[in-house]
Amino acid sequence: MSHAQGNHTPNEASIPLHDADSIARGDASIGTLVKNASTHVSTLMRSEIELAKTEVTEQVKRAATGSGFFVAALVFVLMSFFPFVFMWAKLISMWFGTKTWDWMGFLIVFVVLILLAALFGLLGYLKIKKIRKPQRTIDSVNDLKLAMPSGEDLKAGTARTTETPQRSATS
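Values in this document were obtained by computation on a predicted structure and should not be read as measured data.

1. Concerning the packing of aromatic side chains
- Within the structure shown, the criterion is met by two aromatic pairs.
- Seen in terms of ring centroids, Phe-84 and Trp-88 are 6.1 Å apart; in terms of plane orientation they differ by 80°. Their pairing is edge-to-face. On the criterion of helical spacing, the pair formed by Phe-84 and Trp-88 is a turn pair, its members being four residues apart in helix H1 (residues 30–96).
- Residue Phe-84 is classed as partly exposed on the basis of its relative accessible area of 42%.

2. Considerations on the confidence of the model for the protein
- Here the protein averages 75 in pLDDT, and 70% of its residues register 70 or above.
- Low pLDDT, under 50, characterises residues 1–6; the stretch is placed with four contacts to residues that sit more than four places away or in other chains.
- Per-residue pLDDT stays below 50 along residues 159–165; that stretch engages in six contacts with residues further than four places along the chain or on separate chains.

3. Thoughts on the side chain of Ser-93
- Assignment of secondary structure puts Ser-93 in helix H1.
- What makes Ser-93 buried here is its relative accessible area of 2%.
- At 2.8 Å, the side chain of Ser-93 and the backbone oxygen of Lys-90 are in polar contact.

4. Description of the pattern of salt bridges
- Tallied over the full model, the rule gives one salt bridge.
- The partner of Glu-58 in a salt bridge is Arg-62, and the shortest N-O contact between them spans 3.1 Å. Of this pair, Glu-58 and Arg-62 are both found in helix H1, four residues apart, which corresponds to roughly one turn of the helix.
- You can call Arg-62 exposed: its relative accessible area is 52%.

About the cut-offs
- Residues numbered from 1 in each chain as written.
- Predicted model: local features only at pLDDT ≥ 70, side-chain atom pairs only at ≥ 80, totals over all residues.
- Heavy atoms only, no water.
- Phe/Tyr/Trp six-rings, centres within 6.5 Å; stacked < 30°, edge-to-face > 60°.
- Helix = DSSP H or I, 4+ residues; strand = E, 2+ residues; numbered from the N terminus.
- Buried < 20%, exposed > 50% of the residue type's maximum accessible area, 1.4 Å probe, protein only.
- pLDDT = per-residue confidence, 0-100.
- Contact = heavy atoms within 4.5 Å.
- Polar contact = N/O pair within 3.5 Å; in protein donor to acceptor, adjacent residues only side chain to side chain.
- Salt bridge = Lys/Arg side-chain N within 4 Å of Asp/Glu carboxyl O.

Right, dumping it as structure tokens:
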């Protein structure tokens, strides 16, 4: 449900908006301004996380339903595979010409299927071995942590800044 439509659930976080004219110019201390800003940022972050959860939950439900259909299709494909294998085994045994060689057709089909399974297992292992952690995302989150004020900074009424060289009074 969209926030623009005015449909709010009781659990939704709301952003406290204050009238910009309620604090006279110069009346608020830096600590109060930092506290208000951190409250707004915190509430905004909670609201964004709640929105993301809502959107992701909806998409996960759709994906789960779609994957259920894919699993059902896979089950039917696997069920049709067994008669196909028996057909090939019988064709190979007929090629040998006598009924006493039925076991040879089944053995050949078995060996071919095992070799194919080993080949695709190896290919899958090689692909999975190449998976790496999302380093750019990790770095981005770490940078975001450095940019956000910590709880101690908020209590003291100051914000953490990146280290920059100080200008001297003579320059």
